[in-house]
Amino acid sequence: MNGKGGQGLKLLVVEDDQGILAGLEYSLTEEGYEAALCGTKAEALEALMKERFDLCLLDLGLPDGSGYDICREAKKHSDIPVIFLTACDDEVNVVMGLDMGADDYITKPFRIRELLSRIRTVLRRYGNTSREKQLYRYGDLTLSSADAKVYKKGDEVFLTALEYRLLLVLMNHEGQVLTREQLLMGIWDIAGSYVNDNTLTVYIKRLREKLEDDPANPAIIKTVRGIGYKVG
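Everything quoted here is computed from the prediction, not taken from an experiment.

Student: Got a minute to help me understand the overall build of the chain in this structure?
Tutor: The number of helices and strands found in the chain is eight helices and 14 strands. Looking at the chain as a whole, 47% of its 232 residues are labelled buried.

Student: I'm lost on the layout of surface pockets in this one. Help?
Tutor: Where empty space is left in the structure can be found by rolling a water-sized probe over the atoms. Of the volumes computed, that of the largest pocket is approximately 350 Å³. Around the largest pocket, the lining is made up of 21 residues, and of these Leu 98, Gly 101, Arg 165, Asn 172 and His 173 lie nearest the centre. Of all the secondary-structure elements, those providing two or more residues to the lining of the largest pocket are α4 (91-99), α6 (161-172) and α7 (180-191). A per-element tally of the lining of the largest pocket places α6 first, with four residues. For the lining of the largest pocket, the per-class residue count stands at nine nonpolar, seven polar and five charged.

Student: Just checking my understanding: could you explain the packing of aromatic side chains for this structure?
Tutor: In this description, a pair of aromatic rings is defined by centroid distance and the angle of the planes. According to the stated counting rule, one finds one aromatic pair in the structure shown. Aromatic side chains Tyr 68 and Phe 84 sit 5.4 Å apart centroid to centroid with 80° between the ring planes, which places their arrangement in the edge-to-face category. With a gap of 16 residues between them, Tyr 68 in helix α3 (residues 67-77) and Phe 84 in strand β6 (residues 82-86) connect regions that are remote in the sequence. On the basis of relative accessibility, which here comes to 3%, the residue Phe 84 falls in the buried class. When the ring centre of Tyr 203 is taken as reference, the NZ or CZ atom of Arg 206 above it lies at 5.2 Å.

Student: Just to check I follow, could you spell out helix α5 (residues 112-125) for this structure?
Tutor: Three- or four-residue spacings in an α-helix give side chains the same orientation, since the helix completes a turn every 3.6 residues. End to end, α5 covers 20 Å across 14 residues, agreeing with the expected 20 Å (1.5 Å per residue, within 8%). The set of residues buried in α5 consists of Leu 115, Leu 116, Ile 119, Val 122, Leu 123 and Arg 125.

Student: Can you walk me through the environment of Leu 9 in this structure?
Tutor: Looking at where Leu 9 falls in the secondary structure, it is placed in the segment before β1 (10-14). The class for Leu 9 is buried, based on a relative accessible area of 7%. Considered as a pair, Leu 9 and Tyr 33 are 24 residues apart in the sequence and their alpha carbons are 5.2 Å apart.

Student: I keep staring at unusual backbone geometry and nothing clicks. Help me out?
Tutor: Leave glycine aside and you will find that most residues have negative phi; peptide bonds, for their part, are mostly trans. In this chain, Lys 108 is followed by Pro 109 through a cis amide linkage whose omega measures -5°. Position of Pro 109 relative to the elements: it lies in the loop between β7 (104-107) and α5. Of note in this structure, Lys 153 is not a glycine but carries a positive phi near 55°. Within the secondary structure layout, Lys 153 lies in the loop between β10 (149-152) and β11 (155-157). With a relative accessible area of 57%, Lys 153 lands in the exposed category.

Student: Where do I start with the sheet that holds strand β13 (residues 221-224) in this structure?
Tutor: Think of a sheet as strands paired side by side through backbone hydrogen bonds, with each pair either parallel or antiparallel. The strand order across the open sheet formed by three strands is β12-β14-β13, and the pairing between neighbours is antiparallel. This sheet does not close on itself; its edge strands, each paired only once, are β12 (178-179) and β13. Docked against the sheet, helix α8 (residues 197-211) engages β13 and β14 (228-231), running at close to 140° with respect to β13.

Student: Looking at this model, I keep getting lost on the pairing of strand β2 (residues 34-38). Mind explaining?
Tutor: Here is the key point about a regular strand: its side chains alternate between the two faces of the sheet. Of the pairings in the sheet, the one linking β1 to β2 comprises five bridges and is parallel in character. Residue pairing in the sheet places Leu 12 in a bridge with Ala 36 of β2. Regarding topology, helix α1 (residues 18-30) serves as the crossover connection from β1 to the parallel β2, and that connection is right-handed.

Here is what the cut-offs are and how they apply
Residues numbered from 1 in each chain as written. Predicted model: local features only at pLDDT ≥ 70, side-chain atom pairs only at ≥ 80, totals over all residues. Heavy atoms only, no water. Helix = DSSP H or I, 4+ residues; strand = E, 2+ residues; numbered from the N terminus. Buried < 20%, exposed > 50% of the residue type's maximum accessible area, 1.4 Å probe, protein only. 1 Å grid on protein atoms, 1.4 Å probe; cavity = no way out; pocket = protein on both sides within 12 Å on 5 of 7 lines; lining within 4 Å. Points joined across faces, edges and corners; volume = space filled by probe spheres on them. Nonpolar A, V, L, I, M, F, W, Y, C, P; charged D, E, K, R; others polar. Phe/Tyr/Trp six-rings, centres within 6.5 Å; stacked < 30°, edge-to-face > 60°. Lys NZ or Arg CZ within 6 Å of the ring centre and 35° of its normal. Expected span 1.5 Å × (residues − 1). Pairing = 2+ DSSP bridges. Contact = heavy atoms within 4.5 Å. Axes fitted to C-alpha atoms, helices over the stretch in contact; angles between N-to-C directions. Right-handed = clockwise from strand over helix to strand, strands pointing away.

Structure follows, in structure tokens:
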């Protein structure tokens, strides 16, 4: 560790296992982050009221509630990145977390280097401390969430609300395979009505036609056979 990667960014770390919490504090401090440590939901909510954080690292199971509760409260105040710590790689937990705006999750027990890498990746998506204009880039594609516009090679690509939301969900989880169920849940609110599996296939096809150089051999939105899709 170089002690500089965190550049003084402040992280809210919520974990009720004191052993894990102590290890996280040491590793994050060594990496240059400032960590505010909490062992309960009540402590975390109080910290969110008093301070501004650059990222939240939230354990799902807490003695007085859930990491989901903290995530909801954090997202009310700002579009702060959230990574969940979960004891089981359960699809229902993962879907619920991603649906409420979480950026990533990691299953315990985890390797600290993997966690630090996930933190750096999520912070890069948010432009570190700047949230006024979020840019997501992949190859020659750029998505600006500040004005809900998409550009390919500098030229604007016009997408419908559903197409934009679907692309945003995929780019917000670059490199991560999202199941069809996760994607359907991610675009549910925008649709305002039931979105079925066939509809998702149609929207993936439309996005590829608008974004890919060769829609028949997609290089941006890739199919992971039997599971779902991913960007990157």
